[in-house]
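Secondary and tertiary structure notes
One-letter residues, chain by chain:
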Amino acid sequence: MYWRGVRRVFDGADRKASAEAAERSIGVTVPMWTKDCRVYWLVSLEDFTREYLSRSDRAGWFEVIRAGQPCKLYMDIDGPPGLDDVERFEAALFSTVTRLLADDYQYRPIRLEPYVLDATTTTKFRRHYIWPVVWVNNKAAGAFVDKVKATLTHPYRVHIDGAVYTNDRNFRVWDSAK
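One structure accompanies this document, and this report is about it. (Residues numbered from 1 in each chain as written. Predicted model: local features only at pLDDT ≥ 70, side-chain atom pairs only at ≥ 80, totals over all residues. Heavy atoms only, no water.)

A few words on the environment of Ile130. Structurally, Ile130 is set in strand β6 (residues 125-135). Its relative accessible area of 17% is what places Ile130 among the buried residues. Along the primary structure Ile130 and Met75 are separated by 55 residues, whereas in three dimensions their C-alpha atoms are 6.7 Å apart. Sequence-distant contacts of Ile130, that is, excluding residues within four places in its chain, are made with Lys72, Leu73, Tyr74, Pro114, Tyr115, Leu117 and Phe171. (Helix = DSSP H or I, 4+ residues; strand = E, 2+ residues; numbered from the N terminus. Buried < 20%, exposed > 50% of the residue type's maximum accessible area, 1.4 Å probe, protein only. Contact = heavy atoms within 4.5 Å.)

Quick look at the nonpolar core now. Met75, Leu93, Val97 and Trp131 are the most contacted members of the largest nonpolar core, which has 31 residues in total. Elements with a minimum of two residues in this core: β4 (71-79), α3 (86-105), β6 and α4 (138-151). With seven residues, the top contributor of residues to this core is α3. Once residues lying within four places of it in the same chain are set aside, the contact partners of Trp131 are Lys72, Leu73, Met75, Leu93, Phe94, Val97, Leu112, Glu113 and Pro114. Core analysis: the next-biggest nonpolar cluster, separate from the first, contains five residues, Phe48, Tyr52, Trp61 and Val173 among them. (Core = buried A, V, L, I, M, F, W, Y, C linked by side-chain atoms within 4.5 Å.)

So this is what it looks like as structure tokens:
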């Protein structure tokens, strides 16, 4: 299947895309597998959105946060089911992020609220937060998240997953199931 736009398959050795193409596109892990490699498409956001929303089966779709490429600030919170006092934790988390951005980077937006993607089930608490703040790469975002964890006094800080800031990180696309 081909999308209108750019289609590229990476075999593990070939992971570079031109800076121009990267600025206008997103990397997506497509739910197709071959014996030797995972399939990636480099495609415009508009083409991806059109194709993705037209499908009834949305299992296995991921955005690839490519190594060395800019990314938004994101956090992955995983914990046991039934965590209570989540609202207080979120209030403390959001105010800590806002304060550290102001103190360390002189970034003081009028309003700074993340997108909250809730994937909580009966067996696991899981939320993803995505702030409209762009970092030079996900390693830099991870360093900031480490500082947030060290600064945050709420006991739920232990549930912030610090292992999700690696090279070529797959981030599940909204409404995509396992």
